[in-house]
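Close look at the chain arrangement
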Amino acid sequence: MSNATGGGGTLHTISVLVEDKPGVLTRVAGLFSARGFNIDSLAVGPTESSGLSRMTIVINVDTKPLEQITKQLNKLINVIKILEHEPGSAVERELMLVKVRASGDDRARVMEIAEVFRVNIVDVTASTLTLEATGKPDKLEALLSLLDDFGIVELSRTGRIALGRGDRGIKERVLRAAND
Amino acid sequence: MKVTGALALLRALEHEGVEVIFGIPGGASMPIYDPLVDGSSIRHILCRHEQGAGHAAEGYAWATGRVGVCMATSGPGGTNLVTPIADAKMDSVPIVAITGQVPTPVVGNDAFQEADITGITMPITKHNFLVKDPALIAETVREAFHIASTGRPGPVLIDLPKDVLLAETTWSWPERINLPGYKPTTKGNQRQVVEAVKLIMAAERPVLYVGGGVIKADAHAELAKLATVGRLPVVTTLMARGAFPDSNELCLGMPGMHGNYTAVTAIQKSDVLVALGTRFDDRVTGKLAAFAPYAKVIHVDIDPAEIGKNRAVEVPIVGDCKDVIAKLAAELDARQHEAGGVPDRSAWLGQLTDWQRRFPYRYDQQPDGPLKPQYCVERLRALADDDTIVVAGVGQHQMYASQYWRFEHPRHWINSGGLGTMGFAVPAAMGAKVGQPGKRVLAIDGDGCFQMTAQELATSTTEKIPFITAILNNGYLGMVRQWQELFFAERYSGVYLDPDVPDYVKLAEAYGAVGFRADDPGEVDAVIEKAFSVEDRSVVIDFRVDPREMVFPMVPAGASNDDIILDPEGASPTSDPSEAPIL
């Protein structure tokens, strides 16, 4: 049960609010590998509060092992709060840079695709175009499958970030919990 | 007041009430040792190996309930602490490990005796700290002790670079602890308690499945109340021996791979299983899918991650066992009063008594036959008082000790359960004796285990910490030998140690201890009496026991608890339909 990894499950996005202390990323990542869970993507950055960082982690597991993951994460001293985003209840985005072969006739076709997807062209050479794309993961996948025909030279993605919809933030819930 | 980081550390440890540190100094930790010369309320016990220091801190913590402290230098000093730290994590033992580190300017440069000990111990500590500012030492110590001793206890490591220890800072003791991400739930939810009691009231075959958390929570009195009020039978896991007195008629003893038939089968046949401070370890459950198949489970634990981890639960209760068990007992008492008394479960209790009568632990000691290890444990118990603290390593001797010792009090049984650390007994016994100097401490050890940490007998002699080690010497790594006999067609490989090497009596004497030997059953009592009469030095008894003896009952790894094997002939009571238990 607790060792189920990858495949077979569903994608879950969780936000983990952590103290910005040395080693905290290692603690979180290490917990996943020690307990036999795979991370699909992980993004870390500062938050609106100094001293707190926010990790967005995408995991491919069933509901039961997910519960075990969040319980184990909660035991890390530097973890303040964990939110699991129900599908549709959060805005989820990813940033991608992709360098595509585009010379001759291909150049115009790639630029046309860029326009349709409303993505920016951020670098141009004689033989390549580099596109900067932001969006939901499925939009980026759709874009990539079209660009694949031209030849992708290099690809870099940030991993997903997410914010819950609605007027409350993760930290307000933390403060409310602290005042209980 | 201006102090060095090292002095701030000592002051902070004194503030935490630390009375003893088990340690070994080295280059990076030397600044800590200098102020000890000027006097401190803390006694430093110089061990002979850092692993010994770590297990001694564990033994101290097991025996007292207080936080044990061990200390080592950077690099190999810290890595030698890895095994005791992992052991403390698995068995939820509150210890604080302090390590020196190379100076901050050279951290990451592969400096002499550098190891990334916070990185290494991240997965085996409850939490760890690398302190880079001497002004943070006091609050780090305070947080470390708080984390180690509260919630589910565990090991915490503090790594201190040498320049931080030497730098000057201003001493102040923090008024508050600031750990926003650490708030263990200790109070059990009363609605869940009511749900649990309803299940218990309706149960026909209830069992209290008691784990080490009950001892950690000092909840033995509350457990006794709950068991007595509800007339509920109790099994005590390897980690919980002594949480409930073996002399109580409701005590069924140890379940699990080498548990007795009644304890194992009571759980298997139970309809309501009340799991208290226990984690459904594979050594208890056997094949998980076949474990307690008829039982609705109530699970009380202070660690929410344990609840539902291995077994689905009908009534989860997160909280400290002391609080929750007291609430369960009070609620059960009240409801039973309303209902006109304890439900009649005489058939169940009668069945348990019948099993106990028919399937006790057994062995065969012939007066002129080879000495049996079980006989040694039984005679040690018969000649010792109830207040003796018993410590074991890992293997056959550990199982014999748990099976044949009769425990009457909590914190009188210390062993390595989860990690199964050979070599645990000698240093842990030493630590226990430091924590409980008024009590007799008896390590029951194997010859394989003993050789892994015997060097701490030197510490015992020089620091005047007398305890007894009874080696059940069969000349083998006995438990591995047993598995090779049973599961590898008697193809013995890499298990023969030789009972004569070393000569344990001479080795004891070389360390300044007293050595005795018993080869035959007739010599056992006299040797034990002689050993018990020595009070100023440690004693080693070399019991030359039958290498062919095996631990039974046994549930083979991965098998169902229903397939318990009672003796070497493979007899299983359920193989005879006329003996089939109820259900």
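What you are looking at is a predicted structure, and each value in this text was computed from that prediction instead of being measured. Along every chain, residues carry numbers that run from 1 in the direction the sequence is written. As a convention, the first chain written is A and the first ligand written is 1, with the rest following in written order. Only residues with pLDDT of at least 70 are given local features in this predicted model, and only at 80 or more are side-chain atom pairs given and counted; all residues enter the totals for whole chains, interfaces and linings. Only hydrogens and water are removed before side-chain values are computed, so all heavy atoms of the structure are retained for them.

**Focus: the overall build of chain B**
Inclusion rule: Think of it this way: any DSSP run of H or I at least four residues long counts as a helix, any run of E at least two long counts as a strand, and we number them from the N terminus. C-alpha atoms define the radius of gyration in this analysis, and the globule rule sets the expected value at 2.2 Å times the number of residues to the power 0.38. We call a residue buried when its accessible area falls under 20% of the maximum for its residue type, exposed when it is over 50%, and partly exposed in between, using a 1.4 Å probe and counting protein chains only. Residue contacts follow a heavy-atom distance rule, with two residues in contact if any of their heavy atoms lie within 4.5 Å. Surface exposure here means Shrake-Rupley accessible area, sampled with a 1.4 Å probe, where a residue is shielded only by the protein chains that are shown. Only four residue types enter the charge count, namely Lys and Arg as positive and Asp and Glu as negative; His and the chain termini do not. To locate a charge, take atom NZ for lysine, CZ for arginine, CG for aspartate or CD for glutamate.
Summing up its helical and strand segments, chain B has 23 helices and 20 strands in all. Here the C-alpha atoms of chain B give a radius of gyration of 25 Å, agreeing with the 25 Å that 2.2 N^0.38 yields for 583 residues. A principal-axis box enclosing the C-alpha atoms of chain B has dimensions of 75 × 60 × 40 Å. For chain B, the proportion of its 583 residues judged to be buried stands at 61%. Restricting to contacts in chain B with at least 6 residues of sequence separation, those with at least 24 account for 75%. Summed over its atoms, the accessible surface of chain B is roughly 21500 Å², and 51% of this surface lies on carbon and sulfur atoms. Positive and negative charge centroids in chain B, built from 52 and 72 side chains respectively, lie 4 Å apart.

**Regarding the domain arrangement of chain A**
All names here are of chain A. Stated precisely, the cut-off is as follows: Segmentation into domains, and thus their bounds, comes from an automatic or database assignment. Two parts lose some accessible area (1.4 Å probe) when they are put together, and adding that loss for both gives the buried area. Whenever a carboxyl oxygen of Asp or Glu lies within 4 Å of a side-chain nitrogen of Lys or Arg, that contact is scored as a salt bridge.
According to the domain assignment, chain A contains domain 1 (10-85) and domain 2 (91-161). Of note, the centres of domain 1 and domain 2, computed from C-alpha atoms alone, are 29 Å apart. Listed as interface residues are seven residues of domain 1 and, on the opposing side, five residues of domain 2. Of all residues in domain 1, the largest losses of buried area upon contact with domain 2 belong to Thr13, Ala43 and Thr56, amounting jointly to 57% of the total for that side. Along the contact surface separating domain 1 from domain 2 lie zero salt bridges. Per-element accounting of the side of domain 1 that touches domain 2 gives the leading share, three residues, to strand E2 (residues 39-46).

**Observations concerning the interface of chain B and chain A**
Cut-off, in case you're wondering: Each polar contact in these results corresponds to two N or O atoms within 3.5 Å; when the atoms are within protein, one needs to be able to donate a hydrogen and the other to accept it, and residues that are neighboring in sequence are counted only if both atoms are side-chain atoms. Three classes are used: nonpolar for Ala, Val, Leu, Ile, Met, Phe, Trp, Tyr, Cys and Pro, charged for Asp, Glu, Lys and Arg, and polar for all others, with Gly counted as polar.
Every contact between the two is made by 17 residues of chain B and, on the other side, 16 residues of chain A. Regarding the contact of chain B and chain A, the summed buried area is about 1400 Å², with carbon and sulfur atoms giving 56% of it. At the boundary of chain B with chain A, the tally comes to one salt bridge. Two residues, A:Lys75 and B:Asp303, come together in a salt bridge whose shortest N-O distance is 2.6 Å. Linking chain B with chain A are five residue pairs in polar contact (both at pLDDT 80 or more). Broken down by class, the residue content of the side of chain B that touches chain A amounts to eight nonpolar, five polar and four charged.

**Digging into the environment of B:Glu569**
Here B:Glu569 lies in the segment after strand E20 (539-544). When the C-alpha atoms of B:Glu569 and B:Trp413 are compared, they prove to be 31 Å apart, with 156 residues separating the residues in sequence.

**Brief notes about the sheet that holds strand E3 (residues 52-61) of chain A**
Residues and elements named next belong to chain A. Selection criterion: Strand pairing follows a simple DSSP-based rule, namely that at least 2 bridges must link the two strands. The axes used here are C-alpha line fits, helices contributing only the stretch in contact, and every angle between their N-to-C directions lies in the interval 0 to 180 degrees.
If you trace the four strands from one edge of the open sheet to the other, you get E2-E3-E1-E4, paired in antiparallel fashion. Edge positions in the sheet fall to E2 and strand E4 (79-85), since each of these pairs with one other strand and no more. With strand direction ignored, the average angle separating the axes of adjacent strands in the sheet is 20 degrees. When strand E1 (residues 10-19) meets E3, the two strands line up antiparallel, connected through ten bridges. Looking at the pairing, Leu17 lines up with Arg54 of E3.

**Brief notes about the pattern of salt bridges**
All names here are of chain B. Counting across every chain of the model gives 38 salt bridges over all chains. Two residues, Glu306 and Arg152, come together in a salt bridge whose shortest N-O distance is 2.8 Å. Note that Glu306 is positioned in the loop between strand E13 (296-301) and strand E14 (315-318) and Arg152 in the loop between helix H7 (137-149) and strand E7 (155-161), a separation of 154 residues in sequence. Side by side, Glu306 and Arg152 carry an identical accessibility label, which is buried.

**Concerning the nonpolar core**
Cut-off, in case you're wondering: Here, nonpolar core refers to any group of buried Ala, Val, Leu, Ile, Met, Phe, Trp, Tyr and Cys residues whose side-chain atoms link them within 4.5 Å.
Of all hydrophobic cores here, the largest spans 63 residues; its most connected members are B:Leu273, B:Leu276 and B:Ile298. When sequence neighbours within four positions are dropped, the list of residues in contact with B:Leu276 reads B:Tyr209, B:Val210, B:Gly211, B:Val214, B:Leu223, B:Leu226, B:Val300, B:Cys321, B:Ile325 and B:Leu328.

**Here we look at helix H11 (residues 220-230) of chain B**
All names here are of chain B. Inspection of H11 places Glu222, Leu223, Leu226, Ala227, Val229 and Gly230 among the buried residues, and these make up the whole buried set. Residues of H11 that are buried in the fold lie against strand E9 (206-210), helix H10 (212-216), strand E10 (234-236), strand E12 (272-276) and helix H14 (321-339). Of the residues flanking the end of H11, it is Arg231, one or two places downstream, whose phi is positive at about 50 degrees.

**Digging into the side chain of B:Thr236**
Residue and element names in this part refer to chain B. Residue position: Thr236 is located in strand E10. There is a polar contact of 3.0 Å between the side chain of Thr236 and the side chain of Arg241. When neighbours within four sequence positions are excluded, Thr236 is seen to be in contact with Val210, Arg241, Phe244, Gly253, Met254 and Pro255.

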